[in-house]
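In case you want the letters, here they are:
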Amino acid sequence: GGVLAAASYPSYDLNDYYEKYSQLASNERAPLYNRFAMGSYAPGSTFKPLMAAAALQEGVITGDTVYYCNGVYRVKDMTFGCLDTHGGMTVRKALQFSCNVFFYNCSQGLGIEKMNMYAKMFGVGQKTGVEIPEANGILAGPEYRQRYNQIWTPGDTVQASIGQSDNLLTPLQLANYCATVANGGTRYNMHFVKSIISNSTGLVSETGANVVQKVDVDDSNLQIVREGMRMVATQGAPSSIFNRHDVNVACKIGTSQLVV
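My aim in this report is to walk through the structure given alongside it, one point at a time. (Residues numbered from 1 in each chain as written. Predicted model: local features only at pLDDT ≥ 70, side-chain atom pairs only at ≥ 80, totals over all residues. Heavy atoms only, no water.)

So, the overall build of the protein chain
Secondary structure summary: the protein chain contains 10 helices and eight strands in total. Rg of the C-alpha trace for the protein chain: 20 Å, near the compact-globule value of 18 Å for 260 residues, within the 12% margin. Each of the three principal axes of the protein chain carries a C-alpha extent, and together these read 65 × 40 × 40 Å. The buried share of the protein chain, taken over its 260 residues, is 44%. For the protein chain, the share of sequence-separated contacts (at least 6 apart) that also reach a separation of at least 24 residues comes to 66%. As displayed, the protein chain has an accessible area near 14100 Å², and 51% of this comes from carbon and sulfur atoms. Charged side chains of the protein chain number 20 positive and 20 negative; the gap between the two group centres comes to 3 Å. (Helix = DSSP H or I, 4+ residues; strand = E, 2+ residues; numbered from the N terminus. Rg over C-alpha atoms; globule rule 2.2 N^0.38 Å. Buried < 20%, exposed > 50% of the residue type's maximum accessible area, 1.4 Å probe, protein only. Contact = heavy atoms within 4.5 Å. Areas by Shrake-Rupley, 256 points an atom, 1.4 Å probe, with all protein chains shown as cover. Lys, Arg positive; Asp, Glu negative; His and termini not counted. Charge placed at Lys NZ, Arg CZ, Asp CG, Glu CD.)

Thoughts on the nonpolar core
One finds Phe102, Phe103 and Phe122 to be the most contacted residues of the largest nonpolar core, which totals 48 residues. Of all the secondary structure elements, the ones that give two or more residues to this core are α3 (48-57), β1 (67-69), β2 (72-75), α4 (91-97), α5 (100-121), α7 (154-160), α8 (171-182) and α9 (219-235). The dominant element in this core, judged by the number of residues it contributes, is α5, at 11 residues. Sequence-distant contacts of phenylalanine 102, that is, excluding residues within four places in its chain, are made with Ile61, Thr65, Tyr67, Met89, Thr90, Val91 and Ala94. By size, the runner-up hydrophobic cluster in this structure holds six residues, among which are Val3, Ala37, Val130 and Met190. (Core = buried A, V, L, I, M, F, W, Y, C linked by side-chain atoms within 4.5 Å.)

Quick word on the side chain of glutamate 134
By secondary structure assignment, the location of glutamate 134 is in the loop between α5 and α6 (142-146). Despite its burial, glutamate 134 pairs with no opposite charge, the nearest such side chain being lysine 127 at 6.4 Å. For glutamate 134, the residues in contact, after removing those within four places along its chain, are Ala37, Met38, Lys127, Thr128, Gly129 and Leu172. (Salt bridge = Lys/Arg side-chain N within 4 Å of Asp/Glu carboxyl O.)

Concerning the pattern of salt bridges
Counted by the stated rule, this structure contains eight salt bridges. Between lysine 20 and aspartate 16 there is a salt bridge whose closest N-O contact spans 3.8 Å. With relative accessibility at 38%, the residue lysine 20 sits in the partly exposed group. We classify aspartate 16 as partly exposed; its relative accessible area is 27%. The partner of lysine 114 in a salt bridge is glutamate 58, and the shortest N-O contact between them spans 3.4 Å. With a gap of 56 residues between them, lysine 114 in helix α5 and glutamate 58 in the loop between α3 and β1 connect regions that are remote in the sequence. Residue glutamate 58 is classed as partly exposed on the basis of its relative accessible area of 31%.

Thoughts on α5
The end-to-end C-alpha distance of α5, which contains 22 residues, comes to just 23 Å, noticeably less than the 32 Å that a straight helix rising 1.5 Å per residue would cover. Of all 22 residues making up α5, 16 are buried, and the element is well covered by its neighbours. With its phi angle positive at about 90°, glycine 123 sits one or two positions after the end of α5. (Expected span 1.5 Å × (residues − 1).)

Remarks on the environment of methionine 115
For methionine 115, the position within the fold is in helix α5. A relative accessible area of 1% places methionine 115 in the buried class. The spatial distance from the C-alpha of methionine 115 to the C-alpha of alanine 53 is 10.0 Å, given a sequence separation of 62 residues. Residues within four places of methionine 115 in sequence aside, it is in contact with Leu50, Met51, Ser107, Leu110, Thr157, Ala160 and Ser161.

With respect to the pairing of strand β3 (residues 78-81)
Relative to β3, β2 is paired through four bridges, and the arrangement is antiparallel. Within β3, the residue paired with valine 72 across the bridge is glycine 81. Between β2 and β3, which pair antiparallel one after the other, the connecting turn spans two residues, and lysine 76 there sits at a positive phi close to 55°. (Pairing = 2+ DSSP bridges.)

Written out as structure tokens, the structure reads:
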């Protein structure tokens, strides 16, 4: 749960903070706004490993289930697109190629209630516990829509499955969710402070690891997700970068769509 590095951009020189505060505060690019903790962003396809874990655990799919992608997916009178015509996709390949249609199918087997149950396990739409102000983010679903007297439609469930609809995550939440996938399903309280030294006694108090939740997903299912994420790094779009490094990397890329 320890945050080893965090960055927000645009930033500023801390040495000039007091002298240039008025200038920084009026800057239209908002350099004083802490984006990794306070910024909430549509996760896009980075939501898909979570969906894969949920679908595997609920028995909607197995590691060998194949959904055919012809580039479009229809629910009632609505049509949803994919980035490509991928053909037959297993979950590992669907993560590698970021196939929307595969996860649209998963959403129909899960339903929004199950999707959100697993999203909450992984910490989506919740504060991470860091010692600085942070945003809650938003977990898309009927509960959120009811606050604004709006309805939830079948199409919203489809969109939510690929990190769209109302879903908003902070970068801290996304990092902790991915760490939970990586470490076998243990979600920790995040913290910046490693230890506190008492001025009076000199005693060191370690923050230590604080388990928030052990997600209800078998490690065999998380392993399938990790293998798919590993394929993203070794055979997917960022492979030309990650294959040059000695450290083995697993990842998921995402590009969310915004309506402005």
